[in-house]
Amino acid sequence: MASSETLDVIELLLTAEIYNDYKNELIVNNIPPKIRRTLWNAKTRDVPTPIKPSKSMIKKMFDIDNVEDALKVNGKPFAYVALDEYSGSAHITEGSLDSAAEWFKKQDGARDRIFENSVLAYYYDNVADENDVGVSYNDVASKTPPKEASREWIESIMDELSEGKDNGRKWLDLAYIKAPEEIRESMDELILTERQKNELQKIELTIKNKDHFKNIGLYDIGKVLFVGPPGTGKTSFARALSKNLSIPIIEVRLSMITDQYLGETSKNIDRVFDLAKKFDPCIMFIDEFDFIATSRTANNEHSAIKQAVNTLLKAIDNTSLVEDGVLLIAATNHTKKLDGAVWRRFDEIVDFERPTMDMRKDILDTILRKIEGDINTEAIAKTTEDYTGSDLRMVVREAVLSALLDNRYNLVQEDLEKAVKSFDRRSGLKMTAFIDE
Ligand SMILES: Nc1ncnc2c1ncn2[C@@H]1O[C@H](COP(=O)(O)OP(=O)(O)O)[C@@H](O)[C@H]1O
Ligand SMILES: [Mg+2]
């Protein structure tokens, strides 16, 4: 049987061959991310064709020392591959694609690879004499993360910006840019209210149908305000959304752009919005949006702050999902401080409330999923009124630590009960401060 290294290399060579042969039917997003990464050209933001795999490329891609050895099956060089000693190029030999593919599909572990590689899936579904693998090209293609989900995509854009006059790298200090493939938060780990689920659906549909909105002339969409106390999942929701939609997220904290010399603030705001527009499509997540409210109501003399706020509002007005591909999400802890002028700029408001008892139980179940122990989460949920998701996370962390002190990896009910008590004691003051707001 072929080793997994051998299958790695043959999969690459088959992918290259099929992609080159069916260039008009396939697109760059069909290439699996692990292969796409190495072939990526930052300048053209594409994988150049024809794909010409080489020994050095194979070494880099799979961390293989000896490519010749990897290309041996049962001790003999694999029959359908040509490896040029001199140039180092490797490819499926002329006319052998069908035989090589026939061999490949019979190998242990090949099936899983075919179901994760939409170029291979295309071949077995549409080209091969019979699709006895039972793979659907459309299914696999729709599950493959697109190029916009990769770190390489972001780096390509940053490269281009840093060549420009305004020095792109400087912008990195103003925002965090994350690739969907780097995001750890996920939607199925977030416990959402029905309203939130509904809003999520609306946001996803809006993004996916932005051309439709353009056609029917509805431009004022794609600006969402998240409202709720700290620790209720606003940031996690925005990141999980970026992962779900496979588009990068640009996270901006208003304190990051305002802490500096005030005259620069307005410029920074414009820079960050320009940056987001370069990333079409993306999510721009503005955290700590309360800042804007505080400075509007406080009748302060700092005209620079007022000017910055006006710049921000204008920048929001001038950003459109339909035209710029930027989904704008702002998050705030306070509702009261925002005035009508600010509210009006958002077409969706999503409430993040402190979780109900049922939600607290579900959140605890989610957090405890990978932790050993038979815990009555309903009982804990009953004693944790007003706790946010983040509070519950802290409680579990505390419980895990106290179990470790007791030389245990598993949790018992008492660990959690104790953690709740100590959390109540520590945060008593803090909690009432929030409720009063
Ligand atoms: N509804 C929820 N379901 C599951 N986990 C939650 C929920 N709300 C908060 N959390 C957890 O609490 C932590 C902090 O949440 P975060 O998204 O940073 O909140 P916020 O941005 O509102 O302050 C995260 O680890 C998150 O997973
Ligand atoms: Mg947050």
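What you see is a predicted model; the values in this text were computed from it and never measured.

## As for unusual backbone geometry
So, point 1. Residue Thr 49 is joined to Pro 50 through a cis peptide bond whose omega torsion reads -5°.
So, point 2. Along the chain, Pro 50 falls in the loop between α2 (33-39) and α3 (55-62).
So, point 3. For the peptide bond that leads from Asp 280 to Pro 281, omega is 0°, which places it in the cis range.
So, point 4. Of note in this structure, Asp 63 is not a glycine but carries a positive phi near 55°.
So, point 5. Looking at the secondary structure, you find Asp 63 in the loop between α3 and α4 (67-70).
So, point 6. Unusually for a residue other than glycine, Asn 74 sits at a positive phi of about 50°.
So, point 7. Among the secondary structure elements, Asn 74 is positioned in the loop between β1 (72-73) and β2 (76-77).

## Here's the deal with the packing of helix α1 (residues 4-21) against helix α7 (residues 118-127)
So, point 1. Across the interface, α1 lies against α7 with an axial gap of 9 Å and an inter-helix angle of 65°. Between α1 and α7, the angle is such that the two are roughly perpendicular. Every pair of crossing elements has a handedness; the one defined by α1 and α7 is left-handed. Packed against α1, whose contacting residues are Glu 11, Leu 14, Thr 15, Ile 18 and Tyr 19, the element α7 presents Val 119, Leu 120 and Tyr 123 at the interface.
So, point 2. Taken together, the residues of the contact of α1 with α7 break down into six nonpolar, one polar and one charged.

## Points about the pattern of salt bridges
So, point 1. By the definition in use, this model includes 30 salt bridges.
So, point 2. Across the pair Arg 151 and Glu 182 runs a salt bridge, and its minimum N-O distance is 3.0 Å. Of the two residues, Arg 151 is situated in helix α9 (residues 151-163) and Glu 182 in the loop between β5 (176-178) and α11 (194-208); the sequence distance between them amounts to 31 residues.
So, point 3. By relative accessible area, which is 24% here, Arg 151 ends up partly exposed.
So, point 4. Between Asp 317 and Arg 345 there is a salt bridge, with its nearest N and O atoms 3.0 Å apart. A residue pair is termed long-range when its members are at least 10 positions apart, and Asp 317 in helix α17 (residues 303-317) and Arg 345 in the loop between α19 (340-343) and β10 (348-351) qualify at 28 residues.
So, point 5. Note on Asp 317: relative accessible area 40%, which makes it partly exposed.

## A look at the nonpolar core
Note on soluble globular proteins: their nonpolar side chains tend to be buried together.
So, point 1. Core analysis: the biggest nonpolar cluster contains 87 residues, and Leu 14, Phe 104, Tyr 124, Phe 273, Phe 279, Met 284 and Phe 289 have the highest contact counts within it.
So, point 2. Here this core takes nine residues from α1, the largest share from any one element.
So, point 3. Non-local contacts of Met 284, meaning those with residues more than four positions away in its chain, are made with Ile 250, Val 252, Val 272, Phe 273, Ala 276, Val 326, Leu 327, Leu 328 and Ile 329.
So, point 4. Within the second largest apolar cluster, 27 residues are counted, among which are Met 187, Ile 221, Val 224 and Phe 237.

## Some points on the packing of aromatic side chains
So, point 1. For the structure on display, the rule yields 11 aromatic pairs.
So, point 2. Here the aromatic residues Tyr 22, Tyr 122 and Tyr 137 are joined through ring pairs into a cluster of three or more.
So, point 3. Taking the ring centre of Trp 153 as reference, the NZ or CZ of Arg 45 above it sits at 5.7 Å.

## Looking at the environment of Met 359
So, point 1. Its location among the elements puts Met 359 in helix α20 (residues 357-368).
So, point 2. Judged by its relative accessible area of 13%, Met 359 falls in the buried class.
So, point 3. Taking the C-alpha atoms as reference points, Met 359 and Thr 193, 166 residues apart in sequence, are found 8.1 Å from one another.
So, point 4. In this structure, Met 359 is in contact with Ile 191, Leu 192 and Thr 193, ignoring residues within four places of it in sequence.

## Observations regarding the site of ligand 1
So, point 1. Not every one of the 14 residues close to ligand 1 is listed here, only the nearest: Ile 191, Gly 231, Lys 234, Thr 235 and Ser 236.
So, point 2. Within the side chain of Ser 236, a nitrogen or oxygen atom sits 2.5 Å from an oxygen atom of ligand 1.
So, point 3. Here an oxygen atom of ligand 1 sits 2.9 Å away from a polar atom, N or O, in the side chain of Arg 393.
So, point 4. Contact with the protein chains removes 80% of the 560 Å² of surface that ligand 1 exposes when unbound.
So, point 5. Every element with two or more residues in the shell around ligand 1 is listed here: α13 (234-245) and α22 (389-405).
So, point 6. The class makeup of the residues in the shell around ligand 1 is four nonpolar, seven polar and three charged.

Thresholds applied
- Residues numbered from 1 in each chain as written.
- Chains lettered and ligands numbered in written order.
- Predicted model: local features only at pLDDT ≥ 70, side-chain atom pairs only at ≥ 80, totals over all residues.
- Heavy atoms only, no water.
- Helix = DSSP H or I, 4+ residues; strand = E, 2+ residues; numbered from the N terminus.
- Axes fitted to C-alpha atoms, helices over the stretch in contact; angles between N-to-C directions.
- Parallel < 35°, antiparallel > 145°, perpendicular 65-115°, else oblique.
- Left-handed = near helix turned anticlockwise from the far one by under 90°.
- Contact = heavy atoms within 4.5 Å.
- Nonpolar A, V, L, I, M, F, W, Y, C, P; charged D, E, K, R; others polar.
- Salt bridge = Lys/Arg side-chain N within 4 Å of Asp/Glu carboxyl O.
- Buried < 20%, exposed > 50% of the residue type's maximum accessible area, 1.4 Å probe, protein only.
- Core = buried A, V, L, I, M, F, W, Y, C linked by side-chain atoms within 4.5 Å.
- Phe/Tyr/Trp six-rings, centres within 6.5 Å; stacked < 30°, edge-to-face > 60°.
- Lys NZ or Arg CZ within 6 Å of the ring centre and 35° of its normal.
- Near = heavy atom within 4 Å.
- Polar contact = N/O pair within 3.5 Å; in protein donor to acceptor, adjacent residues only side chain to side chain.
- Areas by Shrake-Rupley, 256 points an atom, 1.4 Å probe, with all protein chains shown as cover.

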